[in-house]
Amino acid sequence: CTGDGAGPELERVLNHMLQLIDDDQYDYVLIETSGLADPAPIMQAFFSHQTSSGRFFLDGVVSIVDAQHVWRHIEGDGWFARMPEIHAQIAHATTVIINKVDTVRHGGAAG
């Protein structure tokens, strides 16, 4: 699990992994970030690492969107602050998963 500003740390960890394991010991490396992380620095670390070693590549970015609260964060409604990271997470995602859809009434109001 990693958060913003973790690009250099992620690159260090990937380099360390290369020293510890052989190619045939893994299929994927999954990197999970906090809910408020901007994916761009983490993606950039992957691209930097990819060009230097060629052993890792970015296969995709999955964003999980909370159906009950997403519009409040986008619009900055009520207690929820406007979160620009939401836009970045959705824009960078190759796959978007919308969770908690059962908590949202027709028309978008929380139920």
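### Quick look at the side chain of Ser63
Following the sequence through the fold, Ser63 ends up in strand 1 (residues 62-66). The class for Ser63 is buried, based on a relative accessible area of 4%. Discounting residues that sit within four places of it in the chain, Ser63 has contacts with Gln89, Ile90, Ala93, Thr95, Val96 and Ile97.

### A few points about helix 4 (residues 84-92)
Here helix 4 has its buried residues at Ile86, Ala88 and Gln89. In a view along the axis of helix 4, the buried residues occupy a sector of 165°, so they form one face of it. What points out from helix 4, more than 90 degrees from its buried face, is the exposed set Pro84 and Ala91.

### Structural notes on unusual backbone geometry
Unusually for a residue other than glycine, Lys100 sits at a positive phi of about 60°. Tracing the sequence through the fold places Lys100 in the segment after strand 2 (95-99). You can call Lys100 partly exposed: its relative accessible area is 37%.

### Focus: the nonpolar core
Most often, soluble globular proteins have nonpolar side chains that are buried together. Residues Leu10, Leu14, Leu18, Tyr26, Ile42, Ala45, Phe46 and Phe56 constitute the largest nonpolar core, which totals 8 residues. Broken down by secondary-structure element, the contributors of at least two residues to this core are helix 1 (7-20) and helix 2 (39-53). Within the second largest apolar cluster, 5 residues are counted, among which are Val65, Val70, Met83 and Ile86.

### A short note on a nonpolar patch on the surface
Residues Ile90, Val96, Ile98 and Val101 make up a contiguous nonpolar surface patch of roughly 340 Å² in combined accessible area. Structurally, the position occupied by Ile98 is in strand 2.

### Brief notes about the pattern of salt bridges
In the structure shown here, the tally under the stated rule is 1 salt bridge. Residue Asp66 pairs with Lys100 through a salt bridge whose shortest N-O separation is 3.1 Å. Here Asp66, found in strand 1, pairs with Lys100, found in the segment after strand 2; they are 34 residues apart in sequence, far enough to count as distant. Accessibility expressed as a relative area gives 21% for Asp66, which makes it partly exposed.

About the cut-offs
By convention here, each chain's residues receive numbers from 1 onward along its written sequence. Only residues with pLDDT of at least 70 get local features here, since the model is predicted, and only at 80 or more are side-chain atom pairs given and counted; chain-wide, interface and lining totals rely on the full set of residues. Hydrogens and waters are ignored; side-chain quantities use all the structure's heavy atoms. Helix and strand assignments follow DSSP, with helices taken as H or I runs no shorter than four residues and strands as E runs no shorter than two, numbered in order from the N terminus. Accessibility here uses a 1.4 Å probe with only protein chains present; expressed as a share of the type maximum, an area under 20% marks a residue as buried, one over 50% as exposed, and anything in between as partly exposed. The contact rule is simple, with two residues in contact once any of their heavy atoms fall within 4.5 Å. Think of it as the arc spanned by the lines of direction from the helix axis to the C-beta atoms. Remark: nonpolar core denotes a set of buried residues (Ala, Val, Leu, Ile, Met, Phe, Trp, Tyr, Cys) joined through side-chain atoms within 4.5 Å. Residues qualify for a patch when their relative accessible area is over 30% and they have no salt bridge, like charges being joined within 9 Å and the nonpolar side chains of Val, Leu, Ile, Met, Phe, Trp and Tyr within 5 Å. For accessible areas, the Shrake-Rupley method is used with a probe of radius 1.4 Å. Any residue's cover is judged against the shown protein chains and nothing else. Whenever a carboxyl oxygen of Asp or Glu lies within 4 Å of a side-chain nitrogen of Lys or Arg, that contact is scored as a salt bridge.

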